[in-house]
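# Examining the three-dimensional arrangement
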2 protein chains.
Amino acid sequence: MKELQKYLNAISPIQDKTWDRIELLFSEKKLTKGAYFIEEGETAKQIGFLQSGIIRAFYRNNEGIEYNKHFFIQNNIIGGYSSLVTSMPNIIFQQALTDCVILVAQYAEITKLYDLCPDFERVGRKLAEFYFVEKEKREIEIVLLEADKRYLIFRKEYPQLEQLIPQYQIASYLGITPTQLSRIRRKFSER
Amino acid sequence: MKELQKYLNAISPIQDKTWDRIELLFSEKKLTKGAYFIEEGETAKQIGFLQSGIIRAFYRNNEGIEYNKHFFIQNNIIGGYSSLVTSMPNIIFQQALTDCVILVAQYAEITKLYDLCPDFERVGRKLAEFYFVEKEKREIEIVLLEADKRYLIFRKEYPQLEQLIPQYQIASYLGITPTQLSRIRRKFSER
DNA sequence: CAATTTCATTTACATATGTAAATAAAGCTA
DNA sequence: TAGCTTTATTTACATATGTAAATGAAATTG
């Protein structure tokens, strides 16, 4: 719990009594490798905080081809934001790539608390803004940079991850096939 | 002004007296073709509502290569959202592709009004959420679809635009060269 | 209207990436 | 540990896209 408090406080300061209320909303839950935090067809209801483990957020098209939109690592908020705010079924799913421990809260409870604690609502808004900026950056990377450059950015952004998850998950994040990632890796190791 | 009121009301209802205050913040401004609403290096201060004309939002990298992130058409909000919320210099610029008439307000005045009118703040929040969802959709398109499919989506999304702006602007939106767009267009017209 | 500039298309070639199948390596399980 | 399954790499070929330069068409301007 301590880590969640630290995380929220770093975004925007929250009062101690606000934290007392927040704490009550979250409870610990375990996800084993391969299990889903958000599944196909569901409408998102919960929000989480990843205490340990790795989760991927991904999209799957009609032909079953998947694209990894994002990897979540320790001490980050998880949950289907678009689905939460639109109340439409998820099109982005979230799955544990390793065993995970998460803190889970009902999103409806969170928004209720927004009404009572403006300092907490500010955290929520800033978080959304931060995600927006991140997304803008990634969109530009995807269009303007080639896969080898994006691979280097991935390694910088997630230094630990490369050892922990399969190559084909990384390829999917980069928007290329495992074949192509293999070629890129060979190219870099040859020098 | 009427159109702006309609636009905001459609997102979330605003009271008449709230609208009276909003109206005071906006004033009309003209942009001639080629002029910038947001320029390089600046930090965004203003927000606008496009009454007529076309504006492109684009990114330019170190080598001067540009990527059109978005086209704004009539009756849409414009402005450098990321820069407004982070107070960092713009990395996305906005330029008129045709002569434009816009309504302009100081963003600081807008946020001040949020404090007074919760119904207006709700509009702001919903708008941000809507943008977020749009972005998620576009990210998926870019990674998962090939240029010819994205071209068809562009034509559906902006039916009028193809006649009004140069092909190379469209190519830049699709993340390809004018050469490649030309090939794609030929492919479609051959059938 | 002629000249100039801007834009779109085409051409030829190079490269990045995809697909499908084979092989190699690593990890898991009975 | 042996055998099975999953994952990673390699190979051969096809295709999408890029680059650079030439050409053609359209728009603009003096």
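Because the structure is a prediction, the values reported are computed rather than measured.

## Topic: the sheet that holds strand 5 (residues 66-72) of chain A
Residue and element names in this part refer to chain A.
- Pairing is antiparallel across the open sheet formed by four strands, whose spatial order is 2-7-4-5. A single partner strand is all that each edge strand has here, and the edge strands are strand 2 (36-38) and strand 5. In this sheet, adjacent strand axes meet at a mean angle of 30° when their direction is disregarded.
- Where strand 4 (residues 55-60) lies against strand 7 (residues 92-96), five bridges are found, and the strand directions are antiparallel. Along strand 7, the bridge assignment pairs I55 with A96.

## Digging into the relation of the copies chain B and chain A
- Superposition of chain B onto chain A requires a rotation of 180° combined with a translation of 0.0 Å along the rotation axis, giving an RMSD of 0.0 Å. One copy is carried onto the other by what is essentially a two-fold rotation axis.
- Looking at chain B, 100% of its interface residues are interface residues in chain A too, so the copies touch through the same face.

## Quick notes on the packing of aromatic side chains
- All told, the structure shown has 26 aromatic pairs over all chains when counted by the stated rule.
- For the ring pair F58(A) and F93(A), a centre distance of 5.6 Å and an interplane angle of 85° mean the geometry is edge-to-face. Placement of F58(A) in strand 4 and of F93(A) in strand 7 is noted, with a sequence separation of 35 residues between them.
- Ring geometry for Y151(A) versus F188(A): centroids 6.2 Å apart, planes at 25°, classification stacked. Here F188(A) lies in helix 9 (residues 178-189) and Y151(A) lies in helix 6 (residues 147-157), a separation of 37 residues in the sequence.
- Taking the relative accessible area as the measure of exposure, Y151(A) reaches 1% and is therefore buried.
- For F188(A), a relative accessible area of 23% gives the class partly exposed.
- Sitting above the plane of the F132(A) ring, K135(B) keeps its charged end 5.2 Å from the centroid.
- The ring of F188(B) carries the charged tip of K187(B) above its face, separated from the ring centre by 5.3 Å.

About the criteria used
- Residues numbered from 1 in each chain as written.
- Chains lettered and ligands numbered in written order.
- Predicted model: local features only at pLDDT ≥ 70, side-chain atom pairs only at ≥ 80, totals over all residues.
- Heavy atoms only, no water.
- Pairing = 2+ DSSP bridges.
- Helix = DSSP H or I, 4+ residues; strand = E, 2+ residues; numbered from the N terminus.
- Axes fitted to C-alpha atoms, helices over the stretch in contact; angles between N-to-C directions.
- Least-squares fit on C-alpha atoms with pLDDT ≥ 70 in both.
- Contact = heavy atoms within 4.5 Å.
- Phe/Tyr/Trp six-rings, centres within 6.5 Å; stacked < 30°, edge-to-face > 60°.
- Buried < 20%, exposed > 50% of the residue type's maximum accessible area, 1.4 Å probe, protein only.
- Lys NZ or Arg CZ within 6 Å of the ring centre and 35° of its normal.

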